[in-house]
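# Structural description and commentary
Letter by letter, the chains look like this.
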2 protein chains.
Amino acid sequence: MKIYRVNMSKLSFSIEDVPERWNTLGGRGLTSTIISEEVDPACNPLGSKNKLVFAPGLFAGTKAANSGRLSVGAKSPLTGGIKESNSGGTAAQRLAKLGVKALIIEGMPMDDKWYTIHVHKDGVNIKEETELLGKGNYEVVHTITSRYGENTGVMTIGQAGEYKMSTANISVKDPKGHLRSAGRGGLGAVMGSKHIKFISLDDNDGEGIEIKDKKKFDDAAKIFNKGLLKHPVSGEALPKYGSNVLVNILNEAGGLPTKNSRMGRFEGAEKICGETMHDTIVERHGDTTHGCHVGCIIRCSQTYNDKDGSYLTSGFEYETIWGFGAGCMVDDLDVIAHIDHECDDIGIDTIDTAGTMMVAMEAELLKWGDGEGILNLIKSEIKSGTPLGRILGNGPDFTGKAYGVLRVPTVKGQTMPAYDPRAVKGIGVTYATTPMGADHTAGYSVAANILKVGGSVDPLKKEGQTELSRDLQIATASIDSTGLCLFVSFAVLDFDEVFLSVLDMINAQYGVEWTKDDWNNMGKYVLTIEKEFNRKAGFTKNDDRLPEFTSEAIPPHDVVWDISDEELDKVLQF
Amino acid sequence: MKIYRVNMSKLSFSIEDVPERWNTLGGRGLTSTIISEEVDPACNPLGSKNKLVFAPGLFAGTKAANSGRLSVGAKSPLTGGIKESNSGGTAAQRLAKLGVKALIIEGMPMDDKWYTIHVHKDGVNIKEETELLGKGNYEVVHTITSRYGENTGVMTIGQAGEYKMSTANISVKDPKGHLRSAGRGGLGAVMGSKHIKFISLDDNDGEGIEIKDKKKFDDAAKIFNKGLLKHPVSGEALPKYGSNVLVNILNEAGGLPTKNSRMGRFEGAEKICGETMHDTIVERHGDTTHGCHVGCIIRCSQTYNDKDGSYLTSGFEYETIWGFGAGCMVDDLDVIAHIDHECDDIGIDTIDTAGTMMVAMEAELLKWGDGEGILNLIKSEIKSGTPLGRILGNGPDFTGKAYGVLRVPTVKGQTMPAYDPRAVKGIGVTYATTPMGADHTAGYSVAANILKVGGSVDPLKKEGQTELSRDLQIATASIDSTGLCLFVSFAVLDFDEVFLSVLDMINAQYGVEWTKDDWNNMGKYVLTIEKEFNRKAGFTKNDDRLPEFTSEAIPPHDVVWDISDEELDKVLQF
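Predicted model, so just to flag it, every value in this text is computed and none were measured. (Residues numbered from 1 in each chain as written. Chains lettered and ligands numbered in written order. Predicted model: local features only at pLDDT ≥ 70, side-chain atom pairs only at ≥ 80, totals over all residues. Heavy atoms only, no water.)

## Points about the sheet that holds strand β15 (residues 311-314) of chain B
Paired through their backbone hydrogen bonds, the strands of a sheet run either parallel or antiparallel. Residues and elements named next belong to chain B. An order of β13-β14-β15 is seen for the three strands of this open sheet, with the pairing classed as antiparallel. Both edges of this open sheet fall to β13 (287-290) and β15, since each of them pairs with a single strand only. Neighbour-to-neighbour, the strand axes of this sheet turn through a mean angle of 25°, independent of strand direction. Two strands pair when backbone bridges link them, and strand β14 (residues 301-305) and β15 are joined in this way by three bridges, in the antiparallel orientation. Counted as the bridge partner of Asn305 is Tyr311 from β15. (Pairing = 2+ DSSP bridges. Helix = DSSP H or I, 4+ residues; strand = E, 2+ residues; numbered from the N terminus. Axes fitted to C-alpha atoms, helices over the stretch in contact; angles between N-to-C directions.)

What follows is the structure in structure tokens.
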């Protein structure tokens, strides 16, 4: 395999050999390694010294199910620390087919021109782009498909990325031509700072990937794939209801953060839950289940149509529905679907935009429950880059500062997602301590706290939470390096043979003899370099803390955040 | 003396004895001590845990000339670190006459009501205020004078403080009924967060201050006062031209930061310099020289009238004229005077507002040189708290982030003032290392670099600059604790007997036997607790760095910033 490196200051390109130390790194492990090795932690995230790295995972392009996630890495303009955000879509598998282990974009143009990058088997072409500037992601994908054909991969930014907003994401075209996002941390702003509107991918005649022991790999992949379908979460709940199955579960558990985390239950939950969504999709002839990338067998995605049966959005996730729903007190699924569509099109993260809207409601820019008002702010302000749009597009902390709001639901500037840290304490430990800023996917303690997967830890008590989060953060850093979807974790955690099949696939593909220790060490290594990058970027212990309001009791369980600073400081000390 | 403590959560008040350890502390030394001892460094500066402290200096209320500066301290919403900002006006001397060593305001109201605090000999009254909400500082001072009489002190915030903007200052009524400002660091936002519109001061029948050895004090004060008048800077240049005498001097030196620090000389300097200003004031029958507080004998202030001879502004300082002038390429002194008036009225710091306007010009919100455009943004946007006003009112870093501008002239979020750190390297060391964020007054190396006061150090070479800045930062921390105007430093630095008279005054007033070492130790102590507060607030070495653009050569001398990180890190290690 090889490294494609693009320099936007010189508008030049090079193909490099993969350094040996990067051989068994992929996905997050590789993006975080490259950022750590090559980026000055003190640099301005939107300046010429930052780099943007795209890396498929270790299993990209193989028969392993759900192995097509794409990792994107940079120093984040939202958190100020290192960031990996991963996405579905077709890009990771195309890069793998081209034999590209990482695409590194560095420098930035000295003038005002904008560019596109076309990636193919012989390298890349850098071309000036004018036509698609100012356009949304749906139009970009549509136009590129017309320009280069259906079988072209796309990674693109919407208007928000052009404005370099800290909530801007990078969207990736999926098999249906819809959008998947590397959502968190403002990586779209980094792409915008380098004046790249989109990257197109042509994997024709790519050299492909190498698998040292194909038979062994295929045998392991069979066990792996079977295990995913056997588990009740990845085999039943997610295919039927999508991730939004969680609304009722978290509401019941009293951990659904409602009205900017004032309550753990939302009166309108029934109207926005996965079961309601499923019935609505069926009724409107949408699609209740499909994958975000080829080879996904969990198929938690769906197509949500409007009342007339026309396409409205897809990849309509629990966290989005929670955020604009319970978080903002909106109980209208159609309005939330509209908001999701607009966020995807403009290219802004739904979780951080939801957090921003909660802050806007605190500031009385909007009334609680005003979904149409949210939609209007997104369409009229953020999309156009008005002054108010510039405020909102830069996220909850920025909006809070603009309006003097103290109740801002973030850690390291990133919005706490759909699980209240007081009522689901394990996820609170993850929010506080992950180098990524508040991120449920960085150590999904909800599994053992609520779903009773991979063990059982009482969500309301502090006992066992730090250990739970640490173990999951380590495992997740490894999973994120494989390019496997995080939803494989349920089976990996509960079924020994599935975990062992992952190890077998690594060993078979790369000709190594990894043990469980090597797997854990990969996770620890990734977390260690990420923590170290953040330390050099200026992070201190203060950054590993939850917002002050978590000292208030949250109903119905009237629990407070009670895990001490000292306990938090030990979580990622290996 | 005593401490007045106001709790805005409980709307309660107490009078406390002065702890013995605070006896020989005043001004900055006392505000920084109280903030360090009582405020959680990790707290939100606009939350209930921050405190706002007003403290006259050690010599307030005495016959020592120029001893009426008021220190205001808090955790800064602009820098995120500890802040002391001092101001002229009549408040310090009134507090001294009341025997109040510090006024501490803590907590914040739980509801939306706003209050005023009336300070008198028996304590304070906290009253709800509605009439003056939304009004500018000039109207507040005028109204209070009508309400309580001419002889009432006022400390007030304008609209910006009500909006909790990070550039909001606290204005203090001066002897002419005009405004002086504790300008930097957003202390007006802290006052606004506590819902205090203004503080009025009635010093009638105050117990006054105690001087242990009055004769000795008076003798020393005579030497001190005489020394100030003998020095060419404080005795001649400042009274005649005000601080704006520096435009021509810095322009000549190639250290006048022009067009957001792209050049060290400004073509329009002649039109905005102190000499032109002096002639204009004379021609329009303004006042060329008066003091900002009773007992000032340097009298660097002036009243600047408009073309019709009507009052336009006073306290029209070099840094203001530089910032909106050379910094933004505006060469019209009348427009700058208008801007100064509006900034004073709305209650925003002129240096940080100038820095913000430079960033706005980088973002193409305004054209370079468009003084009317600046005035319009201040009057139409900041004053009204529009979304754009919220962006601009929160300072240069905030505006830079909103618009993706990289060239932002700040350290710790605070604008570098009117001396380019590449062409006046000693001040660059101060900008980088002072705990206050970029601040020329924290260690005015310009003295030895340019004015050849207190020694002579080549401004363009790196040799000797760190030592120069360190010594001056120590001396300044002590001076700021006495309540003496920083302009006494020229005589203190150049004339031994003036320095010794300061020591004699401390010893006479407080019955101690301080040596030069004790004086230096006071400065080192203040800097040490400030640095420690900042460390606990999350500051790292990265925060002690100049902006990246200082690696570009600045004409006419084509010098770059070349003092290493390692050298900077040693400056305040005692």
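## Quick notes on the packing of aromatic side chains
Counted according to the given criterion, the structure contains 19 aromatic pairs over all chains. Between B:Tyr4 and B:Phe13 the ring centres are 5.4 Å apart and the planes differ by 85°, which places this aromatic pair in the edge-to-face class. Taken together, the ring pairs connect A:Tyr318, A:Tyr419, A:Tyr444, A:Phe487 and A:Phe490 into an aromatic cluster. If you follow A:Lys230 out to its NZ or CZ, it ends over the ring of A:Phe495, 4.3 Å from the centre. Over the face of the ring belonging to B:Phe549 we find B:Arg407, whose NZ or CZ atom lies 4.4 Å from the ring centre. (Phe/Tyr/Trp six-rings, centres within 6.5 Å; stacked < 30°, edge-to-face > 60°. Lys NZ or Arg CZ within 6 Å of the ring centre and 35° of its normal.)

## Remarks on unusual backbone geometry
Residue and element names in this part refer to chain A. Cis geometry marks the peptide bond from Pro555 to Pro556; its omega dihedral reads 5°. Locating Pro556 in the fold gives a position in the loop between α22 (516-537) and α23 (565-570). Even without being a glycine, Arg299 presents a positive backbone phi close to 55°. Among the secondary structure elements, Arg299 is positioned in the loop between β13 (287-290) and β14 (301-305).

## Looking at the relation of the copies chain A and chain B
Between chain A and chain B, which share one sequence, the superposing operator has a rotation angle of 180° and an axial displacement of 0.0 Å; the RMSD is 0.0 Å. Those values place the two copies in the arrangement expected of a two-fold rotation axis. Judged by C-alpha distance, A:Pro387 is the residue of chain A that lies nearest the rotation axis, at 2.8 Å. In this assembly the copies share their binding face: 100% of the residues contributing to the interface of chain A also contribute to that of chain B. (Least-squares fit on C-alpha atoms with pLDDT ≥ 70 in both. Contact = heavy atoms within 4.5 Å.)

## A closer look at the interface of chain A and chain B
Taken together, the 27 residues of chain A in the interface contact 27 residues of chain B. Interface area, chain A with chain B, both sides summed: about 2,400 Å², of which 55% is carbon and sulfur. Considering only the surface of chain A that becomes buried against chain B, A:Phe398, A:Lys401 and A:Leu406 emerge as the three largest contributors, covering 25% of it. Our enumeration of links across chain A and chain B arrives at zero salt bridges. The tally of links from chain A across to chain B stands at ten residue pairs in polar contact (both at pLDDT 80 or more). Among the secondary structure elements, those contributing two or more residues to the side of chain A that touches chain B are α15 (387-393), α16 (395-403) and α22 of chain A. (Buried area = accessible area lost by both parts, 1.4 Å probe. Salt bridge = Lys/Arg side-chain N within 4 Å of Asp/Glu carboxyl O. Polar contact = N/O pair within 3.5 Å; in protein donor to acceptor, adjacent residues only side chain to side chain.)

## Comments concerning the packing of helix α11 (residues 318-327) of chain A against helix α13 (residues 350-362) of chain A
All names here are of chain A. Contact geometry for α11 and α13: axes closest at 8 Å, N-to-C directions at 5°. Judged on the interaxial angle alone, α13 and α11 are roughly parallel. Facing Glu319, Thr320, Trp322, Gly323, Phe324 and Gly327 of α11, the residues of α13 in contact are Thr350, Ile351, Thr353, Ala354, Met357 and Met358. Residue composition of the contact of α11 with α13, grouped by class: six nonpolar, five polar and one charged. (Parallel < 35°, antiparallel > 145°, perpendicular 65-115°, else oblique. Nonpolar A, V, L, I, M, F, W, Y, C, P; charged D, E, K, R; others polar.)

## Concerning α11(A)
Residue and element names in this part refer to chain A. For α11, the buried fraction is high: ten of the ten residues fall into the buried class. Within the span of α11, buried status applies to Tyr318, Glu319, Thr320, Ile321, Trp322, Gly323, Phe324, Gly325, Ala326 and Gly327. For α11, the elements touching its buried residues are α8 (246-253), α9 (269-272), α10 (274-283), α12 (333-346), α13 and α14 (371-382). Where α11 ends, the next residue or the one after it, Met329, has phi of about 70°, a positive value. (Buried < 20%, exposed > 50% of the residue type's maximum accessible area, 1.4 Å probe, protein only.)

## Points about the environment of A:Ala269
Residues and elements named next belong to chain A. Position of Ala269 relative to the elements: it lies in helix α9. You can call Ala269 buried: its relative accessible area is 3%. Considered as a pair, Ala269 and Asn248 are 21 residues apart in the sequence and their alpha carbons are 6.8 Å apart. Among residues more than four places away in sequence, those in contact with Ala269 are Val247 and Asn251.

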